[in-house]
Amino acid sequence: AGESIYDPTCGTGGMLISALAEVKRSGGEYRTLKLYGQERNLITSGIARMNLFLHGAEDFQIQRGDTLRSPAFYSGDDLATFDCVIANPPFSLEKWGEEVWKSDPYGRAFAAMPPAKSGDYAWVQHMIKSMAPKTGRMAVVLPHGALFRMGAEGRIREKILGMDILEAVIGLGPNLFYGTGLAVCIMVFRQRKPRDRRGKVLFIDASKE
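Every chain is numbered independently, its residues counted from 1 as its sequence is written. Predicted model: local features are reported for residues with pLDDT of at least 70 only, side-chain atom pairs are reported and counted for 80 or more only, and whole-chain, interface and lining totals are derived from all residues. Side-chain metrics rest on all non-hydrogen atoms present in the structure, leaving aside hydrogens and water.

*Asks:* Would you mind going over the state of the cysteines with me for this structure?
*Replies:* The bond known as a disulfide is covalent and runs between the sulfur atoms of two cysteines. A pair of sulfur atoms, both from cysteines and within 2.5 Å, is called a disulfide here. This model, assessed by the stated rule, comprises zero disulfides. As a non-bridged cysteine, Cys10 has Cys84 as the owner of its nearest cysteine sulfur, 14 Å distant. Each residue's exposure class comes from its accessible area (1.4 Å probe, protein chains only) as a fraction of the maximum for that residue type: buried when under 20%, exposed when over 50%, partly exposed otherwise. Taking the relative accessible area as the measure of exposure, Cys10 reaches 4% and is therefore buried. For Cys84, a relative accessible area of 19% translates into the label buried.

Have a look at this one:
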């Protein structure tokens, strides 16, 4: 309760509403949550606003726009940061904005420039930059290929592992998400891991669950 939650690909607001419901389920005061989302599609972003309003959210901002090319939330000259960052971004997005990131003013290609034909690690790097320095946590849904594709993505993974912010990787089975039959994974990050988890990554195979 009282934290800020950000979804850079919020769609109709489903993940933000799930976060709100989880705080409510655990006995927290869900009305103190600060919810933020960005969505490229005009109609979808409007539905997200209505959805949050109808589910009792009181402090929320949904902005329309292309997050990778033109992020909507700032703090001074840098990106705004949030306690919790969650997203189910479009998988392996082509034409994701590489031309903008070559001179990105926010330094989001800090690990390496993602490949032009797959924006998966553009989303990951944007979300990492959006985590609050002390309290930041994040979870992102990605296709399984994001765990083992080489080239630029391999270099990005290596750099992120060296930062020791990747806490867990959860492998899920296929046919769980609307519009794709791909097997997916959830990558969980934390800016400050508990001492007993530092230097480690927890792998969970939930593909049969």
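*Asks:* Can you help me understand the environment of Phe53 in this one?
*Replies:* Here a strand is any run of E in DSSP of at least two residues, a helix any run of H or I of at least four, and the numbering for each starts at the N terminus. Residue position: Phe53 is located in helix α2 (residues 42-54). Expressed as a C-alpha distance, the spacing of Phe53 and Ile17, which sit 36 residues apart in the sequence, is 10.0 Å.

*Asks:* Would you take a moment to explain the sheet that holds strand β7 (residues 137-143) for this structure?
*Replies:* The strands that make up a sheet pair up through hydrogen bonds in the backbone, lying either parallel or antiparallel. Strand order across the open sheet formed by eight strands is β3-β2-β1-β6-β7-β9-β8-β10, with mixed pairing between neighbours. Here the strands that pair on one side only, and so sit at the sheet edges, are β3 (60-64) and β10 (202-205). On average, each strand axis in the sheet is inclined to that of its neighbour by 15°, with strand direction left out of account. Between two residues, a contact is recorded if the distance between any of their heavy atoms is within 4.5 Å. Fitted lines through C-alpha atoms give the axes, limited to the stretch in contact for helices. The angle between two N-to-C directions lies from 0 to 180 degrees. Packing of helix α4 (residues 120-129) onto the sheet brings it into contact with β1 (4-7), β6 (84-87), β7 and β9 (184-190), and relative to β7 it is tilted by some 175°. When DSSP locates at least two bridges between a pair of strands, those strands are taken to pair.

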